[in-house]
Structure formats: structure tokens, C-alpha cells
Number of protein chains: 2
Amino acid sequence: MQVKALPGFREFYPEETALRNHIFSAWRTVAARYAFEEYDGPPLEPLELYTQKSGNEIVGQLYEFTDKGERRVALRPEMTPTLARMVAAQAQALKKPIRWFAIPQLFRYERQQRGRLREHFQLNMDVIGEPGPLADAEVIAAAIDIQRTLGLTAADVRVRVSDRRVLQCLLLNAGVAEADLAATYGAVDKIERAPRIEEIVAEALVHTASPGPVAARVLEIARLRDRGSLERVLSATRGGPEAAEGLFSCLDALQAMGLGEFLEVDLSIVRGLAYYTGIVFELFDAQRTLRAICGGGRYDGLLKALGGVDLPAVGFGMGDVVLGELLKSRPVGGAPPRMLDAFLVAVTMEDQGAVLALAHALRDQGLSVEFALKEQAVARQLKIAASRTAQRAVVIGPEERKQGVVVVRDMGTGTEERVALASVADHLAGT
Amino acid sequence: MQVKALPGFREFYPEETALRNHIFSAWRTVAARYAFEEYDGPPLEPLELYTQKSGNEIVGQLYEFTDKGERRVALRPEMTPTLARMVAAQAQALKKPIRWFAIPQLFRYERQQRGRLREHFQLNMDVIGEPGPLADAEVIAAAIDIQRTLGLTAADVRVRVSDRRVLQCLLLNAGVAEADLAATYGAVDKIERAPRIEEIVAEALVHTASPGPVAARVLEIARLRDRGSLERVLSATRGGPEAAEGLFSCLDALQAMGLGEFLEVDLSIVRGLAYYTGIVFELFDAQRTLRAICGGGRYDGLLKALGGVDLPAVGFGMGDVVLGELLKSRPVGGAPPRMLDAFLVAVTMEDQGAVLALAHALRDQGLSVEFALKEQAVARQLKIAASRTAQRAVVIGPEERKQGVVVVRDMGTGTEERVALASVADHLAGT
């Protein structure tokens, strides 16, 4: 009787693990180039860590329970509260700005989402302790360079950048009441999905005398898509140029890095989370057939609100699922194929000692080596070698041992050559 | 108000993560050389997956709960049941022998063990589908080569190898009743820890007329420590030479690989688990001051018993905790130091665009690069460069930009040289 995996949890066979490791490797490679250091925290945390940030409503979406020590605990649904605690605990000792990343597995139990995943891996990359636009540019550039490292171009992916400060300034000037701002953000967030968006925005404007015309202006703002138009609107708005300094400095920095072609200004990118205070951005596939690959922004008040230190911060989360789907749909493809450098073949049982010694010597040189784990005919061993997609078979028989050589067979072409035992490693590594 | 991490769960700051990644990297490097493929499974599984193998007693040691869908679930305490299910589901398609490894985080809630860890990471490496001693030798060799890759030698670590078939043969011939075998294994397992071990062994021999003399013979067997003595005892035992064929073939293979100096024969290595059927082994620090680094063996009946396919298997688990302690105690040490190839310095605000462009170009070449995220004096930027342990500072001012050069300052020696902008990457990578 087989016990199946839980719904929403993935099993990773070698092929899927290879794709996952390919993505993780791109994450770690780019993080190292950007001088970010890796951290990690517990996958199980006190439930309170999440309710103090998100309120009790989040409990319904968590894997949470009471442990044997009567503690209320939850599988982590996000990394930021753990990050906030770890930074707070070492706030004095850590050199600022803190440049950290992590690759946690995250868990959500959402009852209604049948068939959807309840776990995923997510790269979290954050700069903590620096309020300026260059920090924003750093994390956005890293998010883009991950795509480039995976072989994706501006034809495949695009970053849509907004800024809470800019949106707030324009909305207030458009006639939105301060008390309606949060609701208006929420309405603007639905611009791409909801029918009758004008009505939805107008409904958010409960403190406005004439919501209809204001809603129209709000939507005009949310539909601005190029920097030129945005600059014109801002220059005609009280406080507009000042509100946009951070956004434009960030975009200028990304332009200077040569990443301009990936960027789109899009003030409708709100992101549901109430704690963003500046830049917000999302990375999408250019055809917009998938969900967001990555989302983030600046959250200058959050670390303090989480009971930590008062440090400004900017960062993003990038999941493995959408990125994996995108890679599988593109010719750049997934993981590089598995490589077996050599399959060693013993002609007789007496040659097995020589095979073992050579296998170990080659492995010590870093080569990937396999051999038959029981006595088998040479033809059968060569068949296994082929099924393992070995690049070469290395055959050792009594005659070869006497002469101190091996026969190296190219499994692609079938050509064979005799190579001195002492130089097999160089021979295999060199070609 | 800070919410602390749960007792028994680790936070990994960058330094600890670097050590962990250093260990993971050795695991993956050696696994690749041995042509093992990585897999993974869910960290949360149906509780039944573990009770069907270990009985209901295990529930008291697990993080288990009822999820929102009324499923009884548990955080995985071990990987083998997941492995058995995954292999069974694809048993026809998978090429045998299956050579797989995984690096799961595992969880145990043991109420009495205050102050002890309740999670750890564990390398699981298994060969499935091959009953012969070369498969045993492969996994033991891989376990040893992981130590060697981490800089440890036979002066640091040793593998103690036993074989259930040998021990069973010798115990039966020594007068242990078949019905007392399991209890006797359990008693022998305590040989190093328990005082009055003779009495403990004698107490296990409930079906034996004269337990005293039999217990003495059992302890003689359990205290054999070299192959020569074992061979002499076996040659005088009915069925002894045949029972030891697998063990000696495995040891011979490891000898042929050049790993003989790591090996000790030790029949007192029993390992608590009832399901081992042949070779069993444990890897220890040579001074025996720490717990086992790794333990494993052959478990030919287990996959079938877990409701899977009837395939022989051999493998081991190696945790990150003891290995990390050992590495920290040795001069070979932990992780290689973090490397920042260059810290870029802008002399004036006008040089920032050039810094950003160069930073991105260098990162595209694979170099690790950082720069100040706000306007600061050159001296202050050089100070940050030093605190980040940058190998070099690369200074760009108005004069340099005009001439198309940069000043490369060696942070160790303080020497400076002018390098053409176009060849900075080669210059930094080449030295």
C-alpha cells in the first residue's frame, strides 16, 4: 500500500532537481557577483512571528499547529519576519548596508486553491540600511541579471517599475482624499484583471465629492506607460518632480548599467502589501502569459514595525515555479545535461582491481566516473555505458594491464585509441 | 517585542551559511564524481508514511499535526520512506542500479532532549537495484572521499565496518539462540557506552542455558578489531568463510581504490535499525570525541516492506552537524573566505555613471563587485572597501574618465596602477 505525497507538494526526480539546481545556481551566481551573502532561518517558526506582521487573518493560510511543548508554530510562509529578527539581533555588529540573500522553501495552506502548489522555493534578496535609489537599482539589476544568466533577454522578460511616492503625489493631486489612498491603491492593483475598473476605482473614493471624474484621472495616471509622458504629467503637478527623484535616479542607474531595455514605467504596479514605501516592481514574462516571476520594493518602516531595528530596506522575492515554467517554454531551456565523463569496463574479473584503482584516481581528479557493479560481459558493460550517456568507455583487460595502457572508446563516434594508464585523466579531461 | 526562534532550530548567519554551503558543496562534488543524481521530496508528508515503517512509537518523536484538510501529517524525520515511494512509482522506467542522493532537512521533536537540535541537514546516498559488495564499496568510498574533499585524512576520520551476515553466523556458532539474535545485537550495540556490558549481553540470552560463557564469547567476537584475527575466527567457524564473502569483497574493493587506511573492521557496529541485512558501517572522527559523522548499510528488504518494489539497496545518511563541528576543530577549517574582487570608487558624483557601467560589465564577467550606494568622500569609500575585504579598489574620477583609464589599488599592499578601462576585467581576473 503506497502512501502518496500530500496535495500541493512536489517530488523532485533527478530531472526536476536538475532544473531546480540550475535556477538556484543562477541565483547564487548573480548574488555573488553583486556581493550578497547567503543566510537562512528555521522553516518552522512561532506563529506569532507572522501574526504580529499580518494579523490573525493569516492564520487561515498557514500550516500551523501546536507542538508537543504547547507552542503555537507555523511553517514559514515568507522570509521577511525571520530576516527582521536576525538583523535586529546583530544590528550593531553587522556592517551596513547589509546585502543578504536566502533561498527558503515557503509554505501556504490555502483551502480554496485546489490543485495549486502549497510550497515553493523563493530567492529573497535585500539591501538593508541604505535609503537611496542606488540600493533600489542594485536589487532590480540583480533580478534582471538572473534572467540574463539563465539565457533570457528583454524579448523574454520585462521589469515594471512604480514608486509609491510618485503614485501618492499624483493621486492626491488628482483629487483622491488622503483617507482613500489605500483603497485606491487596491483598486488600481486590479486594473489588468477586473472588468468595469472605472466603477471599482470610483467605489474606493468614498471621501471624494465627485468620484467619477477623479476615477477617470486616476486611471489615466495608472495607464501611463512611458517615462516621457510621466515626466510631463509630473512637471505639471505640485511636488511632482520632487516625488519622482528617487524613481528617476533608480531608472537612470539601471540605464547606466546597460539594462534600460528591460524597464517599463508602470504606476499600476501597486503590490498588495501595505508596507511598501517607495519603489515597487514586478518582473514578468514579456508576453504576459504567466504570473509574476518576481516582485519587490522598498519597505523602510517594516523592520522597525516587526519589533526590530529602524533601518530602511529594499528587496524582492523570486519564486522557482514561474521561472521554471518560463525556462521550459524557451529554447534556452532548462538545466545542462548530466555529464558522465567515463564508464570503466573490466574485460575479466581479474581486471576489476585495476578498474577500481583507475576509477578512484579519475574521481580524485574531479571526473564523473561509473563502472559495472557486478561481473558482466564487455558488450553488456558497453550497453550500460551508453544508457548512462557516458562520453567515453575506458576498457581494461589482461593485455592492457600488462602494457600499462587502457583502451578509450568514444561513445559518440565509436573510435578507439590506446592511452597510457598514467595519462588517462589528462586525456579524458583534455577533450 | 522580539519573537525568538524555536528551541532546537538554527539561524544561519552568513558565516554559518558559508560553512553549511562548504559541506553541501563537498557532498555534491563527490556525488557527481560517483555519478549519483540528486532528488528531493516534500518536507511535509502523511504521518502514515513513517508509522508504517517504524510503528506508532515514532509519533512521539515527530513534529506531527492534523492539517486544515484533516490529514495527519509530519515533518520528515528521515528520507528513506520518501525515496522508497519515489522509486516504486517509477520502478519500471528508472535504469538500475539507481544511484541517487538528496540533502533533506530532517526534523525530530524529542521532548527529553532539551538544548539539542531538532533539525539537521542530512546527505542521503543510496545505490538501489544491486545486491553485490561493489555497491557497498561505492557508497563507503563516497563517504570517505567527502571527508578527503573537505581536507580530512585517515588521521582525522575512520570508517568502522561490520556485516550482519558475519555477526549472525559468529553469534549462532558461539551459542546464541536464533530467538535471541535481535536482543544480542542490541546488547552488542552498547559495548562502548555501557558499564557491566557482560551482564547486559548475558541478559539478552534468555533462550540460552549457560548465558555467562556465551556472553564472554559474544564479547570476544564484538571486540575483534583487525581483519587477520577475524579471518582466523571465521575459518574455524562453520559457514564462516561464506558468510564473510561480501564483507571481504567490499573491503578488498576499498583497498583497491586506495582507501584501506580509513578502514577498521568492527563487528560491534550494529546500528539500531532492524532493517539492515548485510554490510553496516559508521564513520567517526579518529579521536572518537564526537558522535558518528555518518552511518549506513545494506537494507535489501526495506523498499518492499515500505510498500514499494522488491529491490536490494545500500546507502548512508551523513549529517551536517557533527561534520561541521569536526571541521571547525581542525586546521583545514571551514569555508573558504568570502571574496570581493573589487570595490569601485567614484571620485565625484559625475563619475557615478561610469562606476555603474563598469560594475555591471565586471559582474557580467563573473567578478564580485560592490560600490558605495550613496555619495561619499573617496577616503570613506576606501574605508568601506577595506571593511568589505575587497581585494582591490578601482577608482574613477573626471581625469580618468577623460583618459579612458581607472586606478586599480591593491588593498593589501596599497600599490596603485593605471589600467585601461577596456581591460579592467582581464586585469582583475588575471591576478
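Our structure's up above, just so we're on the same page.
These numbers were taken from a predicted model, which means no experiment stands behind them.

Peer 1: What should I look at first to understand the state of the cysteines in this one?
Peer 2: The final tally for this structure, using the stated rule, is zero disulfides over all chains. Between A:Cys169, a cysteine without a disulfide, and A:Cys250, which holds the nearest cysteine sulfur, the sulfur-to-sulfur distance is 18 Å. Taking the relative accessible area as the measure of exposure, A:Cys169 reaches 10% and is therefore buried. Cysteine B:Cys294 is unpaired, with the sulfur of B:Cys250 as its nearest cysteine sulfur at 13 Å. Classification of B:Cys294 as buried rests on a relative accessible area of 3%.

Peer 1: For this particular structure, what's the right way to read the interface of chain B and chain A?
Peer 2: Note on interface size: it is often stated as the accessible area lost on association of the parts. Counting residues at the interface gives 95 residues for chain B, matched by 95 residues for chain A. Interface area for chain B against chain A, summed over the two sides, is near 8,400 Å², with a carbon-plus-sulfur share of 56%. The largest share of the area that chain B buries against chain A comes from B:Arg33, B:Lys68 and B:Leu373, three residues that together contribute 10% of it. For A:Arg99, the salt bridge goes to B:Glu370, with nearest N and O atoms at 3.8 Å. Counting every contact that joins chain B to chain A gives 42 residue pairs in polar contact (both at pLDDT 80 or more). Taken together, the residues of the side of chain B that touches chain A break down into 47 nonpolar, 17 polar and 31 charged.

Peer 1: Hey, could you run me through the pattern of salt bridges in this one?
Peer 2: Where charged atoms from two side chains of opposite charge approach closely, those side chains can pair. Residue and element names in this part refer to chain A. Counting across every chain of the model gives 68 salt bridges over all chains. The partner of Arg271 in a salt bridge is Glu282, with the nearest N and O atoms 2.9 Å apart. Within this pair, whereas Arg271 is found in the loop between strand E9 (263-265) and strand E10 (279-285), its partner Glu282 is found in strand E10, the two being separated by 11 residues in sequence. For Arg271, a relative accessible area of 17% translates into the label buried.

How each quantity is defined
- Throughout, residues of each chain are indexed from 1 in the direction in which the sequence is written.
- Throughout, the order in which chains and ligands are written sets their labels, letters from A for the former and numbers from 1 for the latter.
- With the structure being a predicted model, the display of local features is reserved for residues of pLDDT at least 70 and the display and counting of side-chain atom pairs for 80 or more, all residues being used for whole-chain, interface and lining totals.
- Derived side-chain values reflect all non-hydrogen atoms in the structure, with water molecules and hydrogen atoms excluded from consideration.
- Two cysteine sulfurs form a disulfide in these notes if their separation is within 2.5 Å.
- Three labels apply to residues, based on accessible area from a 1.4 Å probe with only protein chains included: buried if under 20% of the type maximum, exposed if over 50%, partly exposed otherwise in between.
- Whether two residues are in contact is decided by their heavy atoms, any of which lying within 4.5 Å being enough.
- Simply put, the buried area is the total loss of 1.4 Å probe accessible area from both parts when two parts are fitted together.
- The salt bridge criterion pairs a side-chain nitrogen of Lys or Arg with a carboxyl oxygen of Asp or Glu, the two atoms within 4 Å.
- Contacts described as polar in this section are N or O atom pairs within 3.5 Å, which, within protein, must combine one atom able to donate a hydrogen with one able to accept it, while residues neighboring in sequence count only if both atoms come from side chains.
- Residues are sorted three ways: Asp, Glu, Lys and Arg are charged, Ala, Val, Leu, Ile, Met, Phe, Trp, Tyr, Cys and Pro are nonpolar, and all the rest, Gly among them, are polar.
- Helix numbering and strand numbering both begin at the N terminus, where a helix is a DSSP run of H or I of at least 4 residues and a strand a DSSP run of E of at least 2.

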